Amino acid sequence: MAGNGADHMRFTETRLHGVWLIEPTPMFDDRGSFTRLFCEREMAALGLETRFVQHSRSHSARKGTLRGLHFQREPHAEVKIVSCVRGSIFDIVVDLRPHSPTRYQWEGFELTHDNMMQVYIPPGFAHGLQTLTDDAEVSYLISQFYEPQASTGVRYDDPAFSINWPRVPAAVSEKDKSWPLIRQKAPI
């Protein structure tokens with residue numbers, strides 16, 4: 001864990017090497033609070049990406065909406081920092097790195113507007129989420145520009161991952177339903 005004061009963020013590496021949970025530490029006074037959400041110096045000290053070329057946001061109207069599992073292929077693979085800015089979500093990362101000891105393993109995190117936690121997702125991972133509330137909004141810092149020809153995904157219900165989603169999906173895009181199972185795909 002890095003960062004040790006109210007003016008720092010706390011970084012905790014997860015069991016999936018390269019994936020970090022980032023926990024802001026708000027400073028409070030009689031006016032309210034102030035919270036650092038990004039610090040190039042703190043991230044660089046951990047060897048994390050600090051250049052982000054896109055900042056995107058998604059909105060999901062219904063609780064149970066499922067998005068993913070998405071990633072971009074090389075040479076457009078991207079780092080993402082994901083946070084929930086309204087409502088709450090169950091955020092998922094799946095290790096797709098070919099020689100990783102945790103390949104096809106997943107980890108999930110509850111991100112809310114109240115806890116302000118963020119997930120740092122390096123290249124080689126698929127990302128998805130399920131909303132736990134109506135009107136959930138998710139913010140994404142992304143290190144590479146969107147390249148449609150590199151954009152791809154894997155199925156959210158693939159038995160190779162056995163993801164334990166918190167709810168039966170209330171809404172899933174046709175595109176996300178149609179990704180092939182990992183065993184049917186060409187090597188990633």
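Residues numbered from 1 in each chain as written. Predicted model: local features only at pLDDT ≥ 70, side-chain atom pairs only at ≥ 80, totals over all residues. Heavy atoms only, no water.

*Asks:* Could you give me a rundown of the overall build of the protein, with the residues and numbers involved?
*Replies:* Of regular secondary structure, the protein possesses two helices and 14 strands. In terms of overall dimensions, the protein is globule-like: its C-alpha atoms have a radius of gyration of 16 Å, near the 16 Å expected for 188 residues. In the protein, buried positions account for 46% of the 188 residues. The long-range share in the protein, meaning contacts at least 24 apart out of those at least 6 apart in sequence, stands at 75%. Taken as a whole, the protein presents about 9800 Å² of accessible surface, with 51% of it coming from carbon and sulfur. (Helix = DSSP H or I, 4+ residues; strand = E, 2+ residues; numbered from the N terminus. Rg over C-alpha atoms; globule rule 2.2 N^0.38 Å. Buried < 20%, exposed > 50% of the residue type's maximum accessible area, 1.4 Å probe, protein only. Contact = heavy atoms within 4.5 Å. Areas by Shrake-Rupley, 256 points an atom, 1.4 Å probe, with all protein chains shown as cover.)

*Asks:* Tell me about the sheet that holds strand β5 (residues 54-60), and please be specific about residues and values.
*Replies:* Across a sheet, strands are paired by hydrogen bonds formed along the backbone, either parallel or antiparallel in direction. Pairing is antiparallel across the open sheet formed by six strands, whose spatial order is β1-β2-β10-β7-β12-β5. The open sheet has two edge strands, β1 (9-13) and β5, and neither has a second partner. Between one strand axis and the next, the sheet turns by 25° as a mean value, whatever way the strands run. Of the strand pairs in this sheet, β1 and strand β2 (residues 20-24) are connected by five bridges, and their pairing is antiparallel. Bridged to methionine 9 within β2 is proline 24. (Pairing = 2+ DSSP bridges. Axes fitted to C-alpha atoms, helices over the stretch in contact; angles between N-to-C directions.)

*Asks:* Explain the packing of aromatic side chains to me, and be specific about the residues and the numbers.
*Replies:* The final tally for this structure, using the stated rule, is five aromatic pairs. The interplanar angle of 80° and the centroid separation of 6.5 Å between the aromatic rings of phenylalanine 90 and tryptophan 165 together place this pair among those described as edge-to-face. Residue phenylalanine 90 is found in strand β8 (residues 88-95), and its partner tryptophan 165 is found in the loop between β13 (151-153) and β14 (171-172); the two are separated by 75 residues along the sequence. For the pair formed by phenylalanine 90 and tryptophan 165, the shared burial category is buried. Taken together, the ring pairs connect Phe90, Trp106 and Trp165 into an aromatic cluster. (Phe/Tyr/Trp six-rings, centres within 6.5 Å; stacked < 30°, edge-to-face > 60°.)

*Asks:* Can you tell me about the environment of glycine 68, naming the residues and giving the values?
*Replies:* Its location among the elements puts glycine 68 in strand β6 (residues 65-72). Once the C-alpha coordinates of glycine 68 and cysteine 39 are considered, the two residues, 29 residues apart in sequence, prove to be 28 Å apart.

*Asks:* Please provide a residue-by-residue account of the environment of alanine 126, values included.
*Replies:* When you line up the elements, alanine 126 lands in strand β11 (residues 125-131). Residue alanine 126 is classed as buried on the basis of its relative accessible area of 0%. Taking the C-alpha atoms as reference points, alanine 126 and glutamate 110, 16 residues apart in sequence, are found 17 Å from one another. If we ignore the near neighbours within four places in the chain, the residues touching alanine 126 are Leu69, His70, Phe71, Ile92, Val93, Val94, Leu96 and Val154.

*Asks:* Tell me about the environment of leucine 132, and please be specific about residues and values.
*Replies:* Relative to the elements of secondary structure, leucine 132 occurs in the loop between β11 and β12 (136-142). Residue class for leucine 132 comes out partly exposed when judged on its relative accessible area of 21%. Those residues in contact with leucine 132 that sit more than four places away from it in its chain are Lys63, Ser88, Ile89, Phe90, Glu110 and Pro166.

*Asks:* Summarise unusual backbone geometry; cite the residues concerned and give the values.
*Replies:* In this model, glycine 68 is joined to leucine 69 through a cis peptide bond whose omega is 15°. Among the structural elements, leucine 69 can be located in strand β6. Omega for the bond connecting glutamate 74 with proline 75 falls within 30 degrees of zero, at 5°, which places this linkage in the cis form. With respect to the secondary-structure elements, proline 75 resides in the loop between β6 and β7 (80-86). Phi at aspartate 135 is positive, roughly 50°, even though this residue is not glycine. On the secondary structure map, aspartate 135 appears in the loop between β11 and β12.

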